Amino acid sequence: DDEGNSTRVRWYVPDPYFVVYPHSEEIEGWVWAPFALVSLTIGTYHTSEVSDKDGYVYFNTFPFDISSGQSVIINDGFNEKTHIVKDITITNIDQILDTVSGTAEPESIVNVGACDEFDCHWQEQPATGGVWSASFLGVIEIAPGSSGGAHQWDENGDGTSVNWYIDYPRFTVN
């Protein structure tokens, strides 16, 4: 109005998504209905978990093996999403050249990340001929204690992720 006052109406439409971690047999989901019974189906495998107040849900399917090409379906009674597990691997972590390399579907895009104790850096890399490589030289020193991952997203915002970590050797003397 003339005095600078206003009325605002806000609304929010949830857009749930999830990430599949095939090497650890885990799936994480975000923005699902709060406190909902969320079902997971992978082929003949079925389970369910209750999401938390923020709509976060976690599944550990071990000993069921999640592998590339499988269809993962998550449903909270309001939303249902499907993701085909991508064939993505990490084949080399070079601590001298600060590079991470791997394989993925030929000509696809891979989001590759590396983190040290202070920062994380992510970049998109093409899987030319099915092979990708990301250099973090001068950005992140890949050394003991550093970690990262490689992710591929589908058109609906769901993804497949593989993570890496370089162990920080420790020992004690008695």
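First, a word on what this report is: a plain description of the structure on this page. Everything numeric here is computed off the predicted structure, so don't read it as measured data.

## Considerations on the overall build of the protein
Thought 1: Within the protein one finds zero helices and 14 strands.
Thought 2: In sequence order, the protein lays out its α and β elements as β-β-β-β-β-β-β-β-β-β-β-β-β-β.
Thought 3: Its C-alpha atoms give the protein principal-axis dimensions of about 60 × 55 × 50 Å.
Thought 4: The buried share of the protein, reckoned over its 174 residues, is 40%.
Thought 5: Here the protein has roughly 10,700 Å² of accessible surface; of this, 52% comes from carbon and sulfur atoms.
Thought 6: Distance from the positive charge centre (6 side chains) to the negative charge centre (27 side chains) of the protein: 9 Å.

## Considerations on the sheet that holds strand 13 (residues 147-153)
Thought 1: Pairing in this open sheet of seven strands is mixed, and the strands run 5-2-1-14-13-10-11 from one edge to the other. Each of the sheet's edge strands pairs with one partner strand only, and the pair in question is strand 5 (57-60) and strand 11 (120-126). The mean angle between the axes of side-by-side strands here comes to 20 degrees, regardless of whether they run parallel or antiparallel.

## Structural notes on the state of the cysteines
Thought 1: A complete count under the given rule lists one disulfide for this structure.
Thought 2: For Cys115, the disulfide goes to Cys120, at an S-S distance of 2.1 Å. Judged by the sign of its S-S torsion, about 110 degrees, the bond between Cys115 and Cys120 is right-handed.
Thought 3: The exposure class assigned to Cys115 is buried, which follows from its relative accessible area of 11%.
Thought 4: Cys120 gets classed as partly exposed once you look at its relative accessible area, which sits at 41%.

## What to know about the side chain of Gln125
Thought 1: For Gln125, the position within the fold is in strand 11.
Thought 2: Among the polar contacts listed, one links the side chain of Gln125 to the side chain of Gln123, at a separation of 2.5 Å.
Thought 3: Non-local contacts of Gln125, meaning those with residues more than four positions away in its chain, are made with Ser108, Ile109, Val110, Val112, Trp132, Ser133 and Ala134.

## Remarks on the sheet that holds strand 7 (residues 80-84)
Thought 1: Read from one edge to the other, the open sheet built from four strands follows the order 4-3-6-7, with strand pairing classed as antiparallel. Both outer strands of the open sheet, strand 4 (45-50) and strand 7, are each paired with one neighbouring strand and no more. Mean inter-strand twist for the sheet, computed between neighbouring axes without regard to direction, equals 15 degrees.

## Here we look at the packing of aromatic side chains
Thought 1: By the definition in use, this model includes three aromatic pairs.
Thought 2: Look at Tyr17 and Trp30: their rings are 5.2 Å apart centre to centre, the planes differ by 20 degrees, and that puts the pair in the stacked class. Residue Tyr17 is found in strand 1 (residues 17-21), and its partner Trp30 is found in strand 2 (residues 26-30); the two are separated by 13 residues along the sequence.
Thought 3: In this structure Tyr17 comes out as partly exposed when scored by relative accessible area, which is 30%.
Thought 4: With centroids separated by 4.6 Å and ring planes inclined at 20 degrees, the aromatic side chains of Tyr45 and Phe64 adopt a geometry described as stacked. Taken together, the residues Tyr45 in strand 4 and Phe64 in the loop between strand 5 and strand 6 (71-75) connect sequence positions 19 residues apart.

Thresholds, definitions, all that
Residues numbered from 1 in each chain as written. Predicted model: local features only at pLDDT ≥ 70, side-chain atom pairs only at ≥ 80, totals over all residues. Heavy atoms only, no water. Helix = DSSP H or I, 4+ residues; strand = E, 2+ residues; numbered from the N terminus. Buried < 20%, exposed > 50% of the residue type's maximum accessible area, 1.4 Å probe, protein only. Areas by Shrake-Rupley, 256 points an atom, 1.4 Å probe, with all protein chains shown as cover. Lys, Arg positive; Asp, Glu negative; His and termini not counted. Charge placed at Lys NZ, Arg CZ, Asp CG, Glu CD. Pairing = 2+ DSSP bridges. Axes fitted to C-alpha atoms, helices over the stretch in contact; angles between N-to-C directions. Disulfide = S-S within 2.5 Å. Polar contact = N/O pair within 3.5 Å; in protein donor to acceptor, adjacent residues only side chain to side chain. Contact = heavy atoms within 4.5 Å. Phe/Tyr/Trp six-rings, centres within 6.5 Å; stacked < 30°, edge-to-face > 60°.

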